[in-house]
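Letter by letter, the chains look like this.
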Amino acid sequence: MTTEIYLDSNATSVVLPAAIAAAADAMGQRYGNPSSTHATGLQAKVILDDARACATRLLGVGSGRLMFNSGATEGIQTSVLSALVALRERKNAGAAIGSLLVYGATEHKAVPESLAHWNRLLGLNLALHKLPVNPDGTHHLNALRDVAGDAAMVCTMAANNETGVISDLSGIEAVLAASGSKAYWMVDCVQGLGKLKLDLSSTRIDYAPFSGHKLYAPKGIGMLYVRAGTPFTPLIMGGGQEGGQRSGTENMAGIAALGAVLAALERGDTFRTSAELCSFRARLADSLRAALPGIVFNNPFDKALPTTLNFSVPGLSSRELMDVFDAAEVRVSAGSACSSSKAAPSYVLDAMGLPLWRSAGAIRMSFGPLADEATIAAACARIERCGAALRASCLIPSERTAVPHDGLLQLGVEGACSWMMLDAASRSCIVIDPLPDHTARIESYVRCQNYQVQAIVSTLPNAGRGMLIDALGRHFNRNTDADQYGWPQTATAVTLEDGATVGAIRLGAHVLACVPCGAGDELRAYLLGDTQDNRLPATAVRFAFSARPAQQSLRTVSVEQTLLCPTRDEKNQFCTSMCAEPEAMQAADLQLNSATLDAFLQAHPDARLVDVREPYEFAATMSSAFAGRVAQSVPLSRLAEYASEWLRHEPTPLVFICRSGNRSMKAAQCLRRLGHRQAYSLNGGLALASTMPLAA
């Protein structure tokens, strides 16, 4: 077993052992209701009072209010509601209130959504105004100066959750003061707790929400500061707890845990100093630079929290980077929300004016002030492992030529496909139906393995191969005459099963034959197989490529086991066949879980474990073999190649595994459609089977 390295502390943190103990004490020994006046209740009230007193001192609350709540989202909602209710009362009284609700362009989404929500419900009809930021992520003070006089409320943050960039709160306050603005000011202090010195009562800040789980307290506990004299409207009414500011019986376990964290902060004997944290960040940055050539850091270190790194790597998506780090058990996050295939651009980095490749490919690596030397050293070693895995997979430049691959490779499984046929012995390949989106990946792959591209062919005429031809340079022979499909005039001839003689390109022991397909020769199909004395028997045709279903045209020259490889794959089927079956089984019938897998493997000693993650994930994996078995690496991009082999031999039980169970389910479904009756997926993937590692 290995231990994960958690570097996603800006999302949430582990819970401090002292906080766990304090929560257990509040639930076990001092379980009373702090509103009760008997001894048991008074014992609980001590916890509440001590935690509030500690927070008051640490944050410089002074004569302001400090209440406990469920976290930052509730604090933001309460702040916005309080300010907007006061604005409506002022407006109804005939006072000028300003026309704009101003929020920073890089604020957490909870802020503009809360502003829009309460603005609509309260009928204020004020305009939401996004305050731009500078390229370094700090608020554009001149832009604020232009609108400060019209602002009814201003919302900024102490430090950004994606980049760690620290706001110039003094500069913002000076602009508001110089303009004579009476706008209410909320500052999201979630990322600042324990990392920035805060003396709230000495500032003009009206509202400041906090969340405990960002600094070693449990989820579901937070605080809200309200400056003395600032209007306040409770979000929750009822029993009058928290001095009538937030009703509902207090979350005493959470408050006790947060109190333990605050006490540790106040003592100064638990967390690392800023200088130590800066040195940790520098070491991580150096390791990333060495492992990932061309890396660009998206946050200026001199203006950001020392616990946050945000970076992008040319040619790599955030999904690929997250996957390789996750395989090495280094937990990081994308700079934005992810779909199953790729990350949406980060609105934070977009607001900073960064190019699309950086905002769409960003990774955030964050640690807390509890980080230690051993964790950082281990993280640096695993970063190096990730870099080596990516180099070996030709995803980043390497000084060494990669080990060449054989067989069929599929690029792109979300709607459209490019195909590559590779021959390691001759260091040559053929590209079929290259998509513009895959140009960089194909060029990198060819260059990394030092292949020579014999042909770039398409199943449709004039399909736009020029971009790839230009990118390949010396790795493609431009002097070869080709038709509008890219088919070379120098192709040799082979005879098909139906007696027709067609052109063919030889690739090692294999041959790619060109077959007219459709009325008027407007479409083409390509057959890939092994020749026998210049003949390509139907039984030797392993794969057929076509832009549209072409079963009728191919029936006389192939067999049922021939896999049909489409250039359109909207349903993520990877490949099909003449005898492919419709979906016959429910997903549950294809799944094994971590509890039943061991028994299944014991009952089927010939079963194969097949890891369908990408090669770089497999190479970066830290886990050992399970039950004496090592998983075979067959990424989805190679599934068609291996499926052809599996289907031509006696069926062996196949158990597909991946990180979360999504990719393995697609693989199992594909094999079942092709007629393999014993294909299964590990439900939940390696993420849920962490107690029983599977892959080498």
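Refer to the structure presented above.
Residues numbered from 1 in each chain as written. Predicted model: local features only at pLDDT ≥ 70, side-chain atom pairs only at ≥ 80, totals over all residues. Heavy atoms only, no water.

S.K.: Looking at this structure, I do not really get the pattern of salt bridges. What am I missing?
M.R.: Close approach of charged atoms lets side chains of opposite charge pair. Under the defined criterion, the tally for this structure stands at 24 salt bridges. A salt bridge links Asp-323 to Arg-659; the shortest N-O distance between them is 3.7 Å. Here Asp-323 is found in helix α9 (residues 318-327), whereas its partner Arg-659 is found in the loop between β31 (654-657) and α19 (662-673), with 336 residues between them in sequence. Glu-617 is the salt-bridge partner of Arg-663, the closest N and O atoms lying 2.8 Å from each other. With Arg-663 in helix α19 and Glu-617 in helix α17 (residues 615-620), the pair connects residues that are 46 residues apart, well separated along the chain. According to the relative accessible area criterion, Glu-617 is buried, its value standing at 1%. One continuous salt-bridge network, built from bridges that share partners, spans Glu-4, Arg-319, Asp-323, Asp-326, Arg-331 and Arg-659. (Salt bridge = Lys/Arg side-chain N within 4 Å of Asp/Glu carboxyl O. Helix = DSSP H or I, 4+ residues; strand = E, 2+ residues; numbered from the N terminus. Buried < 20%, exposed > 50% of the residue type's maximum accessible area, 1.4 Å probe, protein only.)

S.K.: It is not clear to me how the pairing of strand β13 (residues 363-366) should be interpreted in this structure. Could you clarify?
M.R.: Alternating positions in β13 separate into two faces, Ile-363 and Met-365 on one and Arg-364 and Ser-366 on the other, with burial throughout. Judged from the four bridges that link them, strand β10 (residues 308-312) and β13 form a sheet pairing that is antiparallel. Looking at β13, one finds that Asn-310 is bridged to Arg-364. Across two bridges, strand β12 (residues 333-334) lies against β13 in antiparallel orientation. Note that in β13 the partner of Ala-334 across the bridge is Ile-363. (Pairing = 2+ DSSP bridges.)

S.K.: Just to check I follow, could you spell out the state of the cysteines for this structure?
M.R.: A covalent bond between the sulfur atoms of two cysteines is referred to as a disulfide. A full pass over the atoms with the stated rule returns one disulfide. For the unlinked cysteine Cys-417, the closest cysteine sulfur is that of Cys-565, found at 8.8 Å. A residue is classified by how much of its surface remains accessible, and Cys-417, at 1% relative accessible area, is buried. Considering cysteine sulfurs only, Cys-670 is the nearest to Cys-575, which forms no disulfide, with 4.0 Å between them. (Disulfide = S-S within 2.5 Å.)

Keep in mind that these numbers describe shape and distance, not what the molecule does.
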